[in-house]
Amino acid sequence: MNNKIYDVIVIGGGPGGYVAAIRASQLGLSVALVEDKHLGGICLNWGCIPTKALLRASEIKHMLDNVNEFGFSVSNIKVDIKKVTERSRKVASQLSAGISHLLKKNKVKVFNGFAEIDKNTDQIKKVKIKSKDGINTELAKNIIIATGAKSRNLPFVKSDGINVWDYKTAMTPQDLPNSLVIIGSGAIGMEFASFYNDLGVKVTVIETLTNILPNEDEDISKIVQNNFIKRGIDIKTNTSLKSVKIDNNSVSSEISTDGINSLIKSEKLILAVGIIANTQNIGLEKFNIKIDKGHIVTNEYLETDEKGIYAIGDVTGGPWLAHKASHEAILCVEKIAGLSNLTPLDKSSIPGCTYCRPQVASIGLTEKAAKIKNINIKVGKFPFIGNGKAIALGDSEGLIKTIFNNDTGELVGAHMVGPEVTELIQGFSIAKKLETTEHELMHTIFPHPTLSEGMHESVLDAYNQAIHY
Amino acid sequence: MSINILMPALSPTMEEGTLAKWLVKEGDKVNSGDLIAEIETDKATMEVEAVDEGVIGKILVTEGQESIQVNQPIAVLLINGEKLSEIVIDDNIPEEPKPKKNVVNDTNNEENDLPSLSEDELISEKTSFVQKNEVLNTIKSNRLFATPLAKRLAKQRDIDLSLLTGSGPNGRILKIDIENFKEEKKSQVDNIPLSNNNSELIKNSSMRKTIAERLVKSKNEAPHFYLSIDCNIEQLLKARSTINSKSNDEYKISVNDMIIKAASATLLKVPKANASWENENTRYFKNTDISVAVAIDGGLITPIIKNVEFKGLLEISNEMKTLAQKAKEGKLKPEDYIGGSFSISNLGMYGIKEFSAVINPPQGCILAIGVGEQRAIVTNNQISIATMMTVTLSCDHRVVDGAVGAEYLSKFKEFIENPSLMLL
């Protein structure tokens, strides 16, 4: 133990933690980061990034399957799943190494180990770091907990890495199963469903709620559902999983749809039923830190009830998105550094993306949520079938839906499904951040021919001025 | 290094201004935030603050100098103890400091009212960064940054954006600031002590607000004109005393009752005055429903005597008493005071000689009744004494023209001076 007292110690090296560390360093704070496993966290190593590499492969497979339409003929298409997986892992490790360089460049001291916080004095906190080399203690004025979350199991079924997969096994397949049951139709479940379906696996999706992608607007969810059904994905909504039996390398899932029980057999099963925050064994109980429904409670600047201890990202609650963690990281560090003019995170302006085929992206309130809030709304809809670029791409299935407050012209929500919508949604994010009204959006020039014209048309449609629909 | 203090752009459209007054002189020490000058633009006079601290080395424009271009140096500030002789003064106007004209979109008027972020462009790109910042800082207090949504909400809620402090980047006013402001404002009103030694604050009742709203609407929308005439009421008073002498205390007809009857009888003769403006149409009433202004606690109200043309003086008198009583007790029903085709307001009992009343919308006319008093009058070259009453008709020129109003008054005078004609 030395006498150095860091301004900030960040616990966790994911998109919350490493961003916090770099920003702290930029602001002239002395900063250390403790990471147990891999820099970049789940996002970069086992989440966002490697799954995008997989989905790129399945997208190419889909294109090859439909290449005739474009005047090519290709025969004998074979999938080498080991190579697909290998590429995905390479992408992840390349980026993880990049984070290591970034931290080094920003003079962030990185400790490899598992951190536990402890009391020292009122102003100074202790962090015990357990690593294979033993226990190391460091001191800091401020602690940022960015420990993230892990996937949730069900009481009667746990992922075993063989027949019952969690996201990790699901993204490192060594062989393609014949059939797959996916429990949960959130972003993770839908991305795996799309990936495995495109690679020729028989997929069934089980969802307890009425719609798949239950957080999305119903119109969007329906379009995805119809697309999936057309592709041969079996969607079972209003369906709950009762029990799971594993025998002879196959999984029997007992399900109940509207009270009627049935049995589905599949080779593998993926559990995608949400996450639980990593709050255990990090010393929280020694402090006055509140935990509500498994998540650390903070104020709008991410400080816990314990002065000097902050929490960001998945460990503080939803939406469980990397960009939310990174945004909180910056806000939290700037608060610690005493910067003025900070604006707390507005949770209604966090975009969400799902990279299944067709892609889904949204920001703000759904039509249903807006109605529940009694907002007098105006809704605009524009299908990609009316968009020249989408037709030229051969990818014209989808819809852009915009929701405005009829009284004030505020963009309340935007919901998209279709080609590259995950790249388009930022336009609406900026619009919301700058608090534009329909006026600015209607008078913005969108380049032709682009998919983004559909965003413009949707806005125009809300005010009955759409040109191409 | 010395700093040129530049002519600030105090509004987005400002291109030049007048230096109205220097608040400092050469050799004065100034601190950041000190007021140094008053600048007059086409819109207003505003004060300019010093951005940096230092000593005013040289004043480059004289008080009262007009047409000073934005960004033209107006003074030199010496900093870090340097002397004027050490510096070279360049009081030339920078080559292209003129603000770019703002392109204003016709369809979006609200944009015109307030400067928006794009006005950063106002500051010439050729101005050095330091100068740019100076100008920005100098005029900070006069420029408003607000998001489009905040601007629209402010407009909808009639909030003056300049009263707000923005919580967004660079003090930009956001939606949340508008929402919070409303609450602040409300709580401020609640916090104002209701009374102090010099004044008393009474919350406006909804009646007060309705009266205000209707009168403002009337004065804003109805082009009023006024016609006055003197009436000799000797005959009227005689008739009244005859009628009342037979009452055995069962009734007492007032002059006002007789005026109501006369107003109605006149409307039948001049139906064009019994009208109201309804934008696309003008409504001519067949009934003579006379609204009579009654003063009540905290305001006034105009109960209606309907179909006066079918009613005798006794009935009018009784009805008026009942309505006035109900009005004072606050017991009038909406149908008792909503509607009416013509109004009468009588302030004669206060000794008011004559006055002009505000039209009771959507009616076309209101007749203001002055006091009945003995005046010297001249008839046939003879001065004599008679009881006279001056009445003034306020007309909404959209429905009642001068000739119609005049005809009404002359007929009214005829009825008042020859009350027996009302029997016809």
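The structure we're discussing is the one just above.
Residues numbered from 1 in each chain as written. Chains lettered and ligands numbered in written order. Predicted model: local features only at pLDDT ≥ 70, side-chain atom pairs only at ≥ 80, totals over all residues.

Let us now look at the overall build of chain A. Counting secondary structure elements, chain A contains 13 helices and 24 strands. Out of the 469 residues belonging to chain A, those deemed buried represent 46%. Relative to all contacts within chain A whose residues are 6 or more apart in sequence, the contacts with residues 24 or more apart total 65%. (Helix = DSSP H or I, 4+ residues; strand = E, 2+ residues; numbered from the N terminus. Buried ≥ 20, exposed ≤ 12 C-beta atoms within 10 Å, placed from the backbone. Contact = placed C-beta atoms within 7 Å.)

Right, let's get into the environment of Ser396 of chain A. Residues and elements named next belong to chain A. Mapped onto the elements of the fold, Ser396 is located in the loop between α10 (388–393) and β23 (399–405). Residues Ser396 and Pro383 lie 13 residues apart in sequence; the distance between their C-alpha atoms is 8.0 Å. In contact with Ser396, not counting residues within four places along its chain, are Phe384, Ile385, Asn387, Ala390 and Ile391.

Bringing the sheet that holds strand β15 (residues 268–271) of chain A into the picture now. All names here are of chain A. Reading across the sheet, the 5 strands line up as β8-β15-β9-β10-β11 and stay open at both edges, with parallel pairing between neighbours. Edge strands, defined here as strands with exactly one partner in the open sheet, are β8 (164–165) and β11 (234–236). Alignment of strand β9 (residues 179–183) against strand β10 (residues 202–206), held across 5 bridges, turns out to be parallel. Residue pairing for β10: Leu180 is matched across the bridge by Val203. Packing of helix α6 (residues 187–198) onto the sheet brings it into contact with β9, β10 and β15, and relative to β10 it is tilted by some 165°. (Pairing = 2+ DSSP bridges. Axes fitted to C-alpha atoms, helices over the stretch in contact; angles between N-to-C directions.)

Before going further, it helps to examine the interface of chain B and chain A. Contacts between chain B and chain A engage 13 residues on the former and 11 residues on the latter. In terms of residue count, helix α3 (residues 148–157) of chain B provides more of the side of chain B that touches chain A than any other element does, 6 residues in total. When its residues are assigned to classes, the side of chain B that touches chain A shows 6 nonpolar, 5 polar and 2 charged. (Nonpolar A, V, L, I, M, F, W, Y, C, P; charged D, E, K, R; others polar.)

Residue and element names in this part refer to chain B. In terms of burial, strand β8 (residues 73–78) is largely enclosed, as 6 of its 6 residues are buried. Alignment of strand β1 (residues 3–6) against β8, held across 4 bridges, turns out to be antiparallel. Residue pairing in the sheet places Asn4 in a bridge with Val76 of β8.

Apart from glycine, the bulk of residues carry a negative phi angle, and the bulk of peptide bonds sit in the trans form. Here the bond from Arg357 of chain A into Pro358 of chain A is cis, since omega is 0°, no more than 30 degrees from zero. Structurally, Pro358 of chain A can be placed in the loop between β20 (352–354) and β21 (359–364). Pro449 of chain A follows His448 of chain A through a cis peptide bond whose omega is -10°. Not every positive phi belongs to a glycine, and Asp258 of chain A is a case in point at roughly 45°. Tracing the backbone through its elements, the reader meets Asp258 of chain A in the loop between β13 (250–257) and β14 (260–266). Of note, Asn279 of chain B is a non-glycine position whose phi angle comes to about 60°, a positive value. Residue placement: Asn279 of chain B occurs in the loop between β10 (275–278) and β11 (281–284). Asn279 of chain B sits in the exposed class, given 8 other C-beta atoms within 10 Å.

For the rest of this paragraph, the subject is the packing of helix α3 (residues 48–65) of chain A against α6 of chain A. Residues and elements named next belong to chain A. The geometry of α3 relative to α6 is characterised by a closest axis approach of 8 Å and an angle of 40° between their N-to-C directions. Judged by the inter-axis angle, α3 sits oblique to α6. α6 is crossed by α3, and the crossing has left-handed handedness. Facing α3, whose interface residues are Thr51, Leu54, Leu55, Ser58, Lys61 and His62, α6 presents Glu191, Ser194, Phe195 and Asp198. (Parallel < 35°, antiparallel > 145°, perpendicular 65-115°, else oblique. Left-handed = near helix turned anticlockwise from the far one by under 90°.)

This next bit is on the nonpolar core. What tends to happen in soluble globular proteins is that the nonpolar side chains get buried as a cluster. By size, the foremost hydrophobic cluster in this structure holds 125 residues, and its most contacted members are Ala20, Ile144, Ile145 and Ile182 of chain A. With 8 residues, the top contributor of residues to this core is helix α8 (residues 322–336) of chain A. The residues touching Ile144 of chain A, leaving out its near neighbours within four places in the chain, are Val8, Val10, Ile11, Ala20, Tyr310, Ile312 and Cys332 of chain A. Judged by nonpolar contacts, the second largest core, of 46 residues, contains Met258, Ile305, Ile316 and Leu393 of chain B. (Core = buried A, V, L, I, M, F, W, Y, C linked by C-beta atoms within 7 Å.)

Below, the discussion takes up α6 of chain A. All names here are of chain A. The end-to-end C-alpha distance of α6 is 17 Å, a good match for the 16 Å that 12 residues give at a rise of 1.5 Å each. Burial analysis of α6 places 12 of its 12 residues in the buried class, the great majority of the element. In the segment just after α6, Gly200 is the residue with positive phi, at about 95°. (Expected span 1.5 Å × (residues − 1).)

Compared with an ideal rise of 1.5 Å per residue, which puts 16 residues at 22 Å, helix α10 (residues 402–417) of chain B spans 22 Å between its outermost C-alpha atoms and is within 8% of the ideal. Buried-residue contacts for α10 of chain B involve β9 (224–232), α6 (234–245), α7 (255–269) and β18 (382–396) of chain B.

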